[in-house]
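Each chain, written out:
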Amino acid sequence: MVQGESTLTDTFTVGRDAELMLPPPTVGSMSLKGVLRSELEPKLTEYVSRFRTNAIVRAQPLLRLSIQGEVAKAGIYAVPADAQLADALMAAGGTTQFAKANNVTIERNGKAFWKGSSFDTDLDALGLRDGDQIVVDSKRPGGSDTLRITALLVSIAGGLYGLSRAIH
């Protein structure tokens, strides 16, 4: 947000090459290569000040995270990078009554790299990046895949047996 500049007050995406494209009155893009999240606001203020005098800039880095499992509204959410794990779960409406609070997994490219229950842990401290997935495990009765498969096989066998008895 740049105070007094509606065209610079929005959520902007950083591209693959760490380039931040800003609309007029700025020109071109701003490179964020090597800029830490904690340095974003001062660097952005310095850049915008080249085009607008006495610019008051507020910047908050966001992470796009997939939040799945036992949450009210599973989906992809933009969460402040300095938020806590509990804040990310609240973005998805909080956990359900069936959530295993002591079993939260964070995955990157389909592989778990963190497992725990410390909801006051900062997302930044966990080293999260765009695209990471937070999964809240379930304690639903029959929530186990093995149990569901077994129940399915038993019901198929029972159905076939009942069908064979009805034909004779």
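For the structure, see preceding data.
Only a predicted model underlies this, so the values are computations on that prediction, with no experimental measurement involved.

K.L.:
What am I meant to see in the environment of proline 141 here?
P.N.:
Mapped onto the elements, proline 141 comes out in the loop between strand 7 (133-138) and helix 3 (145-167). Sequence-wise, proline 141 and phenylalanine 98 are 43 residues apart; in three dimensions their C-alpha atoms are separated by 8.8 Å.

K.L.:
What is the right way to read the pairing of strand 7 from this model?
P.N.:
Side-chain direction in a regular strand flips from residue to residue, so the side chains alternate between the two faces of the sheet. Direction of pairing for strand 3 (residues 62-69) relative to strand 7: parallel, over a ladder of four bridges. Within the sheet, the bridge partner assigned to serine 66 lies in strand 7 and is glutamine 133. Bridge count between strand 5 (residues 99-108) and strand 7: five bridges; the pairing is antiparallel. Along strand 7, the bridge assignment pairs isoleucine 106 with isoleucine 134.

K.L.:
Is there a simple way to explain the nonpolar core in this structure?
P.N.:
Nonpolar side chains in soluble globular proteins generally cluster together in the buried interior. One finds Leu65, Ile67, Val79, Leu123, Leu128 and Ile134 to be the most contacted residues of the largest nonpolar core, which totals 21 residues. Looking at this core, the elements that each hand over two or more residues are strand 3, strand 4 (75-80), helix 2 (85-91), strand 5 and strand 7. Contacts of valine 79, omitting those with residues within four sequence positions, involve Pro61, Leu62, Leu63, Leu65, Ala88, Ala91 and Leu123. Formed by 13 residues, the second largest nonpolar core is a distinct cluster that contains Leu8, Leu44, Tyr47 and Val57.

K.L.:
Would you explain the packing of aromatic side chains in this entry?
P.N.:
By convention here, two paired aromatic rings are described through the distance between centres and the angle between planes. All chains considered together, the criterion is met by one aromatic pair. Centre to centre, the rings of tyrosine 47 and phenylalanine 51 are 5.4 Å apart; their planes meet at 65°, and the pair counts as edge-to-face. Classification of tyrosine 47 by relative accessible area gives buried; the value is 8%. The lysine or arginine in question, arginine 108, covers the ring of phenylalanine 113, its NZ or CZ lying 4.4 Å from the ring centre.

K.L.:
What is the right way to read the side chain of glutamate 70 from this model?
P.N.:
Mapped onto the secondary structure, glutamate 70 falls in the loop between strand 3 and strand 4. Overall, the relative accessible area of 8% leaves glutamate 70 in the buried class. In this structure the side chain of glutamate 70 is engaged in a polar contact, spanning 2.4 Å, whose partner is the side chain of threonine 96. Looking at glutamate 70, its side chain comes within polar contact range of the side chain of serine 138, at 3.1 Å. Excluding residues within four positions of it along the chain, glutamate 70 makes contact with Gly94, Thr95, Thr96, Phe98, Ala99, Val136, Asp137, Ser138 and Arg140.

K.L.:
Is there a simple way to think about the pairing of strand 6 (residues 111-116) in this case?
P.N.:
In the sheet, strand 5 pairs with strand 6 via five bridges, with the strands oriented antiparallel. Residue pairing across strands places glutamate 107 opposite alanine 112, the latter belonging to strand 6.

K.L.:
Explain the pattern of salt bridges to me, please; I cannot follow it from the model alone.
P.N.:
Close approach of charged atoms allows side chains of opposite charge to pair. Using the criterion set out here, one finds seven salt bridges in the structure. Residues arginine 108 and aspartate 132 are paired through a salt bridge, measuring 2.8 Å at the closest nitrogen-oxygen approach. Placement of the pair is arginine 108 in strand 5 and aspartate 132 in the loop between strand 6 and strand 7, with a sequence separation of 24 residues. For aspartate 132, a relative accessible area of 1% translates into the label buried.

K.L.:
Whenever I open this one, the sheet that holds strand 4 confuses me. Can you help?
P.N.:
Remark on secondary structure: sheet strands pair via backbone hydrogen bonds, oriented parallel or antiparallel. In space, the five strands of this open sheet follow the order 4-3-7-5-6, with mixed pairing throughout. A single partner strand is all that each edge strand has here, and the edge strands are strand 4 and strand 6. Taking the axes of each pair of neighbouring strands and ignoring which way they run, one obtains an average angle of 30° across the sheet. Relative to strand 4, strand 3 runs antiparallel, the two sharing six bridges. Among the inter-strand pairings, arginine 64 is bridged to a residue of strand 4, identified as alanine 78.

Basis of the calculations
Residues numbered from 1 in each chain as written. Predicted model: local features only at pLDDT ≥ 70, side-chain atom pairs only at ≥ 80, totals over all residues. Heavy atoms only, no water. Helix = DSSP H or I, 4+ residues; strand = E, 2+ residues; numbered from the N terminus. Pairing = 2+ DSSP bridges. Core = buried A, V, L, I, M, F, W, Y, C linked by side-chain atoms within 4.5 Å. Buried < 20%, exposed > 50% of the residue type's maximum accessible area, 1.4 Å probe, protein only. Contact = heavy atoms within 4.5 Å. Phe/Tyr/Trp six-rings, centres within 6.5 Å; stacked < 30°, edge-to-face > 60°. Lys NZ or Arg CZ within 6 Å of the ring centre and 35° of its normal. Polar contact = N/O pair within 3.5 Å; in protein donor to acceptor, adjacent residues only side chain to side chain. Salt bridge = Lys/Arg side-chain N within 4 Å of Asp/Glu carboxyl O. Axes fitted to C-alpha atoms, helices over the stretch in contact; angles between N-to-C directions.

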